[in-house]
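Residue-level structural notes
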Amino acid sequence: MSKRGLGDLPAAALDGKRVLVREDFNVPLKGGAVSDDTRLRAALPTITYLRERGARVVILSHLGRPKGGPDPQFSLRQVVGTLERLLGAPVEFITDLSAGVAVSRRLPRGGVALVENTRFWPGEEKNDPELAKQFAALGDLYVNDAFGSAHRAHASTEAVAHLLKPAVAGFLMVKELKYLGDALQQPRRPFVAILGGAKISGKIDVIEALLPKVDEILIGGAMACTFFAALGLEVGKSLVERDRIDVAKSLLTKSGPKLILPRGAVVAPSLERPGDRREVPSDKIPADMAMYDIDGATQADFRARVLRAKTVVWNGPMGVFETPPFDAGTRSLAQALVEATAKGATTVVGGGDSAAAVAGFEDKLSHVSTGGGASLEFLEGKPLPGVMALDDA
Ligand code: ADP
Ligand code: MG
């Protein structure tokens, strides 16, 4: 799946041109201001590159989940100030698409405009070609840099890419596709995948798709408890998906020795009683307690496996990492990935909560995906509509 990238376009294709860029500015807000600008900063290489080449940049993005109409709570206007500060340049704000065409033509070379939340138009999530036509009128060519939205066929990610040519991948999109794609298609071995998080249900397809490709899959998080239950072990008050126990059984059979479960658990009567926590082997979880983290023995085991690996893909925390001290297993695994990276391994982290868990040392890992759902669908081997619609290399 090799797609044409922004870097493949000659300078003349950009100079003075209106470039419509789909970004993922779906950022967290607090009190009308951006509380985490990670996604904005991740978009800067593409926007800056375009500005430096004399393009007029018109940005599209969604924000949150408005119900198919304008809602001030989800207005991208709240993002304008932070974007201006990061760019060191003014940003025009477009709320009306037909008036926006004139705004896009008026922009100076290197100028930037941001269009209001794409989901304020009901046609966005329906991939409506009429809405896509209105978006397309705002540019002369199209760049999709929103990997985090590429698993959705929406007017601003899919339909528009058929109307506006060339339609190419931005730098962030190219980087995402390279790291995730190389890991899946040409992994250096041993290739170790680590899956955790709350639920096995959202990740069954990932496990199925990864099994034939990886050397080992390490399981942590509450997900492990559904596997314990499938083995007939006591899981106490742990989060278990009863209706997925049969699936867990069949995965255990299919995977043989590739699937590595935690050796032991950190258990406690409740999240509110961390003082009463203790470590128990996996087959000794007390009936009146729940597993909230992997134990020290499992940390050591997973660490050793990660340090032997040449390729590591990680999705989903090892425990309830938002509530210390149940973050210990997740932290220890993150540290192991950092060390593996320093030793030359390729390490890729995907998933919203997993990305939060490694916040602050992204630079010490090969790649932290900005797309939660999109990275999971990619790992499942599903084609991403927003990527498919772009020009082939
Ligand atoms: P990601 O967003 O990285 O894909 P998930 O959304 O699948 O990850 O899972 C993250 C959630 O899983 C976190 O909120 C975390 O508290 C929860 N979790 C992890 N381990 C446990 C556990 N043992 N019991 C309950 N919840 C858990
Ligand atoms: Mg999550």
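Let me sum up the structure you'll find in this document. What you are looking at is a predicted structure, and each value in this text was computed from that prediction instead of being measured.

Moving on: the layout of surface pockets. Rolled over the atoms, a probe sized like a water molecule indicates the empty space that remains. Computed from the structure, the largest pocket encloses a volume of approximately 1100 Å³. Residue lining of the largest pocket: 45 residues in total, with Thr38, Arg39, Ser369, Thr370 and Gly371 positioned closest to the centre. Elements with a minimum of two residues in the lining of the largest pocket: helix H1 (38-52), helix H6 (171-185), helix H12 (352-357), strand E17 (367-368) and helix H13 (372-379). The greatest single-element share of the lining of the largest pocket, amounting to seven residues, is contributed by H1. Its residues placed into classes, the lining of the largest pocket shows 13 nonpolar, 19 polar and 13 charged. Taken as a whole, the second largest pocket spans an internal volume of roughly 460 Å³. Taken together, 29 residues line the second largest pocket, and the ones lying closest to its centre are Gly197, Ala198, Lys199, Pro317 and Asp353.

Here the focus is unusual backbone geometry. Looking along the chain, the bond that leaves Lys165 and enters Pro166 is cis, with omega of 0°. Mapped onto the fold, Pro166 is located in the loop between helix H5 (155-163) and strand E8 (167-169). Omega for the bond connecting Pro324 with Pro325 falls within 30 degrees of zero, at 10°, which places this linkage in the cis form. Tracing the backbone through its elements, the reader meets Pro325 in the loop between strand E15 (311-315) and helix H11 (328-342). Phi is positive for Asn127, close to 55°, though the residue is something other than glycine. Position of Asn127 among the secondary structure elements: in the loop between strand E6 (112-115) and helix H4 (129-136).

The next point concerns the sheet that holds strand E9 (residues 191-195). Strand order in the open sheet formed by six strands is E11-E10-E9-E15-E16-E17, and the pairing between neighbours is parallel. Looking at which strands have only one partner, the edges of the open sheet turn out to be strand E11 (259-260) and E17.

Our next topic: the packing of aromatic side chains. Scanning all chains against the criterion turns up three aromatic pairs. Arranged with centres 6.0 Å apart and planes meeting at 90°, the rings of Trp121 and Phe135 form a pair that is edge-to-face. Of this pair, Trp121 sits in the loop between E6 and H4 while Phe135 sits in helix H4, and the two are 14 residues apart along the sequence. Phe135 matches Trp121 in its accessibility class, with the two residues each being buried. For the pair Tyr292 and Phe326, a centre-to-centre distance of 5.2 Å together with 55° between the ring planes defines the contact as tilted. Of the two residues, Tyr292 sits in strand E14 (residues 290-294) while Phe326 sits in the loop between E15 and H11, which places them 34 residues apart along the sequence. Classification of Tyr292 by relative accessible area gives buried; the value is 15%. Residue Phe326 is classed as buried on the basis of its relative accessible area of 1%. Its end group placed over the ring of Tyr49, Arg53 keeps NZ or CZ at 3.7 Å from the ring centre. A cation over an aromatic ring shows up here: Lys178 above the ring of Tyr179, its NZ or CZ 5.8 Å from the ring centre.

Bringing the packing of helix H10 (residues 296-308) against H11 into the picture now. When two helices pack together, their arrangement is captured by the angle between the axes and the distance separating the axes. Remark: H10 packs on H11, axes separated minimally by 9 Å, with the N-to-C direction vectors making an angle of 20°. When the axis of H10 is compared with that of H11, the two are roughly parallel. Helix-helix and strand crossings are classified by hand; for H10 and H11 the assignment is right-handed. Seen from H10, the contacting residues are Gln299, Phe302, Arg303, Val306 and Leu307; seen from H11, they are Ala328, Gly329, Ser332, Leu333, Ala336, Leu337, Glu339 and Ala340. For the contact of H10 with H11, the class distribution of residues is eight nonpolar, three polar and two charged.

Inspection of the secondary structure assignment puts Gly139 in the loop between H4 and strand E7 (141-144). Given the relative accessible area of 7%, Gly139 is considered buried. Put simply, Gly139 and Val19 are 120 residues apart on the chain and 5.1 Å apart in space, counted from C-alpha to C-alpha. With near-sequence residues (within four places) excluded, Gly139 lies in contact with Arg18, Leu20 and Leu164.

Surveying the vicinity of ligand 1 reveals 18 residues, the closest of which are Ala198, Lys203, Glu322, Asp353 and Ser354. For ligand 1, a nitrogen atom lies 3.0 Å from a polar atom in the backbone of Met291. Within the contact set of ligand 1, an oxygen atom lies 3.5 Å away from a side-chain nitrogen or oxygen of Asn315. Its free accessible area being 580 Å², ligand 1 has 82% of it covered by the protein chains. If you map ligand 1 onto the pockets, it falls in the second largest pocket. Secondary-structure elements contributing two or more residues to the shell around ligand 1 are E14 and H12. The residue inventory of the shell around ligand 1, partitioned by class, reads seven nonpolar, eight polar and three charged.

Before going further, it helps to examine the pattern of salt bridges. Within this structure, the stated rule accounts for 22 salt bridges. Between Asp24 and Arg39 there is a salt bridge whose closest N-O contact spans 3.6 Å. Of the two residues, Asp24 is situated in the loop between strand E1 (18-22) and strand E2 (29-30) and Arg39 in helix H1; the sequence distance between them amounts to 15 residues. Assessed through its relative accessible area of 26%, Arg39 is described here as partly exposed. Between Glu339 and Arg303 there is a salt bridge; the shortest N-O distance is 2.7 Å. Placement of the pair is Glu339 in helix H11 and Arg303 in helix H10, with a sequence separation of 36 residues. Accessibility expressed as a relative area gives 26% for Glu339, which makes it partly exposed. We classify Arg303 as partly exposed; its relative accessible area is 31%. Within the structure, one salt-bridge network assembled from shared partners comprises Glu216, Arg263, Asp301 and Arg305.

Conventions we followed
Residues numbered from 1 in each chain as written. Chains lettered and ligands numbered in written order. Predicted model: local features only at pLDDT ≥ 70, side-chain atom pairs only at ≥ 80, totals over all residues. Heavy atoms only, no water. 1 Å grid on protein atoms, 1.4 Å probe; cavity = no way out; pocket = protein on both sides within 12 Å on 5 of 7 lines; lining within 4 Å. Points joined across faces, edges and corners; volume = space filled by probe spheres on them. Helix = DSSP H or I, 4+ residues; strand = E, 2+ residues; numbered from the N terminus. Nonpolar A, V, L, I, M, F, W, Y, C, P; charged D, E, K, R; others polar. Pairing = 2+ DSSP bridges. Phe/Tyr/Trp six-rings, centres within 6.5 Å; stacked < 30°, edge-to-face > 60°. Buried < 20%, exposed > 50% of the residue type's maximum accessible area, 1.4 Å probe, protein only. Lys NZ or Arg CZ within 6 Å of the ring centre and 35° of its normal. Axes fitted to C-alpha atoms, helices over the stretch in contact; angles between N-to-C directions. Parallel < 35°, antiparallel > 145°, perpendicular 65-115°, else oblique. Left-handed = near helix turned anticlockwise from the far one by under 90°. Contact = heavy atoms within 4.5 Å. Near = heavy atom within 4 Å. Polar contact = N/O pair within 3.5 Å; in protein donor to acceptor, adjacent residues only side chain to side chain. Areas by Shrake-Rupley, 256 points an atom, 1.4 Å probe, with all protein chains shown as cover. Sits in = over half its atoms within 2 Å of the grid points. Salt bridge = Lys/Arg side-chain N within 4 Å of Asp/Glu carboxyl O.

Shape descriptors only; they carry no functional weight alone.
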